[in-house]
Amino acid sequence: GEVPRCRNLYNKYLQWSPANCAAWIAFAELEASLGELERCRAIYELAIGQPSLDMPETLWKSYIDFEISQGEYERTRALYRN
């Protein structure tokens, strides 16, 4: 279907441009919109682990906002400690 195709496109794009925070955020938001919360978290974790990011503050804000929206306040606090 379309979802695996979208995932594949994001994966290929992020292999080519791993510093692109907007793409990481869009990929994570796609997974969240599908209810794939653990996939969403895994994408954010991969993203924040990149050695270089073009706009890290937007990525961190998006990740923190996601955890707050899920009511995951302990996870949110842990992100602030990173």
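Refer to the structure above for everything that follows.
Described below are features of the structure shown in this document.

Analysis parameters
- Residues numbered from 1 in each chain as written.
- Predicted model: local features only at pLDDT ≥ 70, side-chain atom pairs only at ≥ 80, totals over all residues.
- Heavy atoms only, no water.
- Phe/Tyr/Trp six-rings, centres within 6.5 Å; stacked < 30°, edge-to-face > 60°.
- Helix = DSSP H or I, 4+ residues; strand = E, 2+ residues; numbered from the N terminus.
- Buried < 20%, exposed > 50% of the residue type's maximum accessible area, 1.4 Å probe, protein only.
- Expected span 1.5 Å × (residues − 1).
- Contact = heavy atoms within 4.5 Å.
- Polar contact = N/O pair within 3.5 Å; in protein donor to acceptor, adjacent residues only side chain to side chain.

A separate point is the packing of aromatic side chains. Overall, the coordinates contain 4 aromatic pairs when judged by the stated rule. Note on Tyr10 and Phe27: the rings are 4.8 Å apart at their centroids and 10 degrees apart in plane angle, and the pair reads as stacked. Residue Tyr10 is found in helix α1 (residues 2–16), and its partner Phe27 is found in helix α2 (residues 21–33); the two are separated by 17 residues along the sequence. Between the aromatic rings of Tyr44 and Phe66, the centroid separation amounts to 6.0 Å while the plane-to-plane angle is 35 degrees, which identifies the pairing as tilted. Of this pair, Tyr44 sits in helix α3 (residues 37–48) while Phe66 sits in helix α4 (residues 56–69), and the two are 22 residues apart along the sequence. Residue Tyr44 is classed as buried on the basis of its relative accessible area of 2%.

Right, let's get into α2. Here α2 contains 13 residues, and its C-alpha end-to-end distance of 18 Å stays within 8% of the 18 Å for a straight helix at 1.5 Å per residue. If you check which residues of α2 are buried, you get Cys21, Ala23, Trp24, Ile25, Phe27, Ala28 and Glu31. Each element contacted by the buried residues of α2 is listed here: α1, α3 and α4. Where α2 begins, one side-chain oxygen reaches toward the backbone nitrogen of Ala22, 3.1 Å away; that side chain belongs to Asn20. Downstream of α2 by a residue or two, Gly35 has a phi angle that is positive, lying close to 80 degrees.

What is shown is where atoms sit, not what they do.
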